[in-house]
2 protein chains.
Amino acid sequence: MKNVADLAGVGVKTVSRVINQERYVSADTIARVMRAAEQLQYQPDVQAGNLRRADRRTDTLGLLVGSVANPFSAAVHRAVEDAAIQRHVAVFASSLDDDPERERASVEAFLRRRVDGLILTTIQRSQAYLGPQLEQGMPVVFVDRKPNGLIADTVLTDNLEGAARGTRHLLAAGHRRIAFLGDSEEIYTAKERKRGYLDALRLEGVAPDPRLVIENLGEEAQAELAVNELLALDDPPTAIFSAQNLITIGAIIALRAQGASERVALVGFDDVPMASLLSPAVTVVAQDPSAIGAIAARRIFERLDGESEPARDFIVPTRLIKRGSGEIRPA
Amino acid sequence: MKNVADLAGVGVKTVSRVINQERYVSADTIARVMRAAEQLQYQPDVQAGNLRRADRRTDTLGLLVGSVANPFSAAVHRAVEDAAIQRHVAVFASSLDDDPERERASVEAFLRRRVDGLILTTIQRSQAYLGPQLEQGMPVVFVDRKPNGLIADTVLTDNLEGAARGTRHLLAAGHRRIAFLGDSEEIYTAKERKRGYLDALRLEGVAPDPRLVIENLGEEAQAELAVNELLALDDPPTAIFSAQNLITIGAIIALRAQGASERVALVGFDDVPMASLLSPAVTVVAQDPSAIGAIAARRIFERLDGESEPARDFIVPTRLIKRGSGEIRPA
DNA sequence: GTGAAAGCGCTAACAT
DNA sequence: ATGTTAGCGCTTTCAC
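Please read all numbers here as calculations on a predicted model, not as lab measurements.

Draft legend 1. View of the relation of the copies chain B and chain A. For the pair chain B and chain A, the best superposition has an RMSD of 0.1 Å and corresponds to a rotation of 180° with a translation of 0.0 Å parallel to the axis. What we have between these two chains is a two-fold relation. Among all residues of chain B, the minimum C-alpha distance to the rotation axis is found for Phe92 of chain B, at 2.4 Å. Both copies share a contact surface, since 100% of the interface residues of chain B are interface residues in chain A too.

Draft legend 2. Representation of the packing of helix α10 (residues 220-232) of chain A against helix α11 (residues 245-257) of chain A within the structure. Residues and elements named next belong to chain A. The contact between α10 and α11 brings their axes to 7 Å, and the two run at 50°. One element, α10, and the other, α11, form an angle in the oblique class. As α10 runs across α11, the sense of the crossing is right-handed. Mapping the contact onto sequence places Glu220, Ala223, Glu224, Val227, Asn228 and Leu231 in α10 and Leu246, Ile247, Ile249, Gly250, Ala251, Ile253, Ala254 and Leu255 in α11. Taken together, the residues of the contact of α10 with α11 sort by class into 10 nonpolar, 2 polar and 2 charged.

Draft legend 3. The arrangement of the pattern of salt bridges in detail. Residues and elements named next belong to chain A. On inspection of all chains with the given rule, the structure shows 55 salt bridges over all chains. The partner of Lys194 in a salt bridge is Glu215, with the nearest N and O atoms 2.9 Å apart. Of this pair, Lys194 sits in helix α9 (residues 188-203) while Glu215 is found in the loop between β7 (213-214) and α10, placing the two residues 21 residues apart along the sequence. The partner of Glu309 in a salt bridge is Arg312, and the shortest N-O contact between them spans 3.9 Å.

Draft legend 4. Main features of the side chain of Asp144 of chain B. Residues and elements named next belong to chain B. Within the element layout of this structure, Asp144 appears in the loop between β4 (140-143) and β5 (153-157). It is Arg145 that comes nearest to the buried, bridge-free Asp144 among opposite-charge side chains, at 4.2 Å. If sequence neighbours within four positions are ignored, Asp144 has contacts with Phe72, Thr121, Val155, Leu156, Thr189 and Gln287.

Draft legend 5. Looking closely at the pairing of β4 of chain B. All names here are of chain B. Burial of β4 is two-sided: the residues Val140 and Phe142 facing one way and the residues Val141 and Val143 facing the other way are all buried. Alignment of strand β3 (residues 117-120) against β4, held across 3 bridges, turns out to be parallel. For Ile119, the partnering residue across the bridge sits in β4 and is Val141. Pairing of β4 with β5, which is carried by 3 bridges, proceeds in the parallel orientation. When the sheet's bridge partners are listed, Phe142 is paired in β5 with Thr154.

Draft legend 6. Quick peek at the sheet that holds strand β9 (residues 265-269) of chain B. All names here are of chain B. If you trace the 6 strands from one edge of the open sheet to the other, you get β7-β6-β8-β9-β10-β12, paired in mixed fashion. Looking at which strands have only one partner, the edges of the open sheet turn out to be β7 (213-214) and β12 (319-321). Lying on the sheet, helix α8 (residues 159-172) is in contact with β6 (178-181), β8 (239-242), β9, β10 (283-286) and β12; it crosses β9 at an angle near 170°. The strands touched by helix α11 (residues 245-257) within the sheet are β6, β8 and β9, with β9 carrying the most contacts at an inclination of about 160°.

Draft legend 7. Spatial organisation of the sheet that holds strand β12 (residues 319-321) of chain A. Residue and element names in this part refer to chain A. A sheet is described by the order of its strands in space; here 6 strands give the open sequence β7-β6-β8-β9-β10-β12, paired in mixed fashion. The open sheet has two edge strands, β7 and β12, and neither has a second partner. The pairing of strand β6 (residues 178-181) with β7 spans 2 bridges and is classified as parallel. If you follow Leu181 over to β7, its bridge partner there is Ile214. Together, β6, β8 (239-242), β9 (265-269), β10 (283-286) and β12 form the strand contacts of helix α8 (residues 159-172), whose direction differs from that of β9 by roughly 170°. Against the sheet, α9 engages β6, β7 and β9, with an angle of about 170° to β6.

Draft legend 8. Molecular detail of the protein's contact with DNA strand D. Around DNA strand D lies a shell of 27 residues, among which Lys13 and Ser16 of chain A together with Gly11, Thr14 and Thr29 of chain B are the nearest. A share of 66% is what sugar and phosphate atoms reach among the atoms of DNA strand D within 4 Å of the protein. Contacts to DNA strand D include Asp45 of chain A, whose backbone N or O atom sits 2.8 Å from a phosphate oxygen. Separating a phosphate oxygen of DNA strand D from a side-chain N or O atom of Thr29 of chain B is a distance of 2.4 Å. No other element matches the 4 residues that helix α4 (residues 46-52) of chain A contributes to the surface near DNA strand D. Looking at the surface near DNA strand D residue by residue, the classes come out as 10 nonpolar, 9 polar and 8 charged.

Draft legend 9. Looking closely at the protein's contact with DNA strand C. Surveying the vicinity of DNA strand C reveals 27 residues, the closest of which are Thr14 and Thr29 of chain A together with Ser16, Asn20 and Tyr42 of chain B. Sugar and phosphate atoms constitute 68% of the interface atoms of DNA strand C, taking the interface as everything within 4 Å of the protein. For DNA strand C, a base nitrogen lies 3.1 Å from a polar atom in the side chain of Arg52 of chain A. One of the backbone N or O atoms of Ala48 of chain B is found 3.1 Å from a base nitrogen in DNA strand C. At the level of elements, α2 (12-19) and α4 of chain A together with α2 (12-19) and α4 (46-52) of chain B are the ones that each hand at least two residues to the surface near DNA strand C. With 4 residues, α4 of chain B is the single largest residue contributor to the surface near DNA strand C.

Analysis parameters
- Residues numbered from 1 in each chain as written.
- Chains lettered and ligands numbered in written order.
- Predicted model: local features only at pLDDT ≥ 70, side-chain atom pairs only at ≥ 80, totals over all residues.
- Heavy atoms only, no water.
- Least-squares fit on C-alpha atoms with pLDDT ≥ 70 in both.
- Contact = heavy atoms within 4.5 Å.
- Axes fitted to C-alpha atoms, helices over the stretch in contact; angles between N-to-C directions.
- Helix = DSSP H or I, 4+ residues; strand = E, 2+ residues; numbered from the N terminus.
- Parallel < 35°, antiparallel > 145°, perpendicular 65-115°, else oblique.
- Left-handed = near helix turned anticlockwise from the far one by under 90°.
- Nonpolar A, V, L, I, M, F, W, Y, C, P; charged D, E, K, R; others polar.
- Salt bridge = Lys/Arg side-chain N within 4 Å of Asp/Glu carboxyl O.
- Buried < 20%, exposed > 50% of the residue type's maximum accessible area, 1.4 Å probe, protein only.
- Lys, Arg positive; Asp, Glu negative; His and termini not counted.
- Pairing = 2+ DSSP bridges.
- Near = heavy atom within 4 Å.
- Polar contact = N/O pair within 3.5 Å; in protein donor to acceptor, adjacent residues only side chain to side chain.

Function cannot be read off these values alone, since they describe shape.
Quick look at the structure:
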């Protein structure tokens, strides 16, 4: 900057004024400074500037997601990026990978870099460690999971209603023996989805059969085994509601292997890639990760712009996509 | 930092020493400083420190990919992140979205933030604008596409050999009329894949039929139309080699709609999600995005650590995954 | 409309 | 083993 100033024959502050497009600089001076900057290939240093700047903004955001390689997270990321780029804000993205250590480490790394705000999918038992930041007014939005030990803006899929809706769809097709395949009971979203399933059954006067409720399914292979068990029952289910992505895939594989995919109905929570090209095509209760990311980013920027209303939950509705597997009727 | 120093009753430099784990600080002093830091919830500011630091590193990397929401890019991203996190380097990720404007804007944003290195998928006709950075020794690695007007490290899928291999696989099954469905002719990877296809035919003594080569297919719908045209030919192809992800999906849809999916063989370049659950399951020449990301990151860090050998191309091999669609024999 | 000086949070260089 | 001073690239404050 000093060099540019010297070359243009002005003071550093004038260069600063031109770079930041402040007023009260003559057109002539602007032109001279621009030319000098061009000639020296001057790139302003955002970080250095933000050091002294009144609002102390770094124009960066920290985003922590399950894994940047997972489609849901990637869609959230993309939406956040699109919102950020318009404000010239850059996004640090980091993957959590179900590792509580990594959560703390990533958040610390963000904090050390003085991000303006945080969008987090969390896994630790408590997020109380973020208390000081919240008090200092740093915008923090939680995504997909509620924080523990902390009150903050949160963007959530309507897990309860979504799961109920999927279940009701199967009930409406005439099913009464509907199995539930769920994720780890410790996860908030998993609990909500199970609750939605049970609520829907209850409302229809169907007593839940505990043998049809299988939880703590972490990956495809476990879901496959679970479906095999279900089909081996004396009185097997005529339909399956699978409460998560990978579980749905596992269920598809198992149903197909057993030759039951055209007989046993299946509705999955969360969309599955290529779902419409499978046979039968897979009916799902789809989440809206783009909306989640967009809302989270919007909230961060609102807070940054001074919005100070109390923390809220933003509930994002789901969408039932009927493709075939969920419309199979009981024999 | 000043506050911590005061509270601990030491000078700022001593705090700095403790934070950076430099030697020559007594255990007792370390303890006092740590306690003070804890008490004040002190978070060092990485950026401020790097301002004066000799190596001027910001411990950040800029990553520009097609779209963080696309599975290939996401896998590259993930691999880069995993390498970076071990060095306490944070990654700015940005999506290109086939928009040359966005390429420039993102790179500028990275540069303004003084990233230590750049990993780029590019689209602009020329990357000469990065010349100054390269000369100044900033590590830049291009990924998936070669840069134009610039010599720099590049990590590439073996497009030529991969496409040849996919084509040879179809030839080996006895096909002689093999169609080629390609992306925009302007894209480097698309050109290479076409070349691989033609080379394989030539080597086998099969004269390419220009009516079987359809290019500039940007999305699924266009690929569908192309396949419909091909099947309507007097002498239709018995096999299709589709040179890109979305094109493969379009081809699957069209083949299925025409009832030809069990009759016409299909090999796709780049893996397709859920490929093994489709019927027929899709044979592909798979790329290895994780390897690409890992190699790119490794190269950046090698350069940062002083490696100064001339720029090289790193060629990442493909893998033929036989799943069914590519093993269909001609009638 | 413009510039000089101080200072943002930190590290380098040089004390002691 | 520890402290002091200058300075990184910029913005602020205030003077002209």
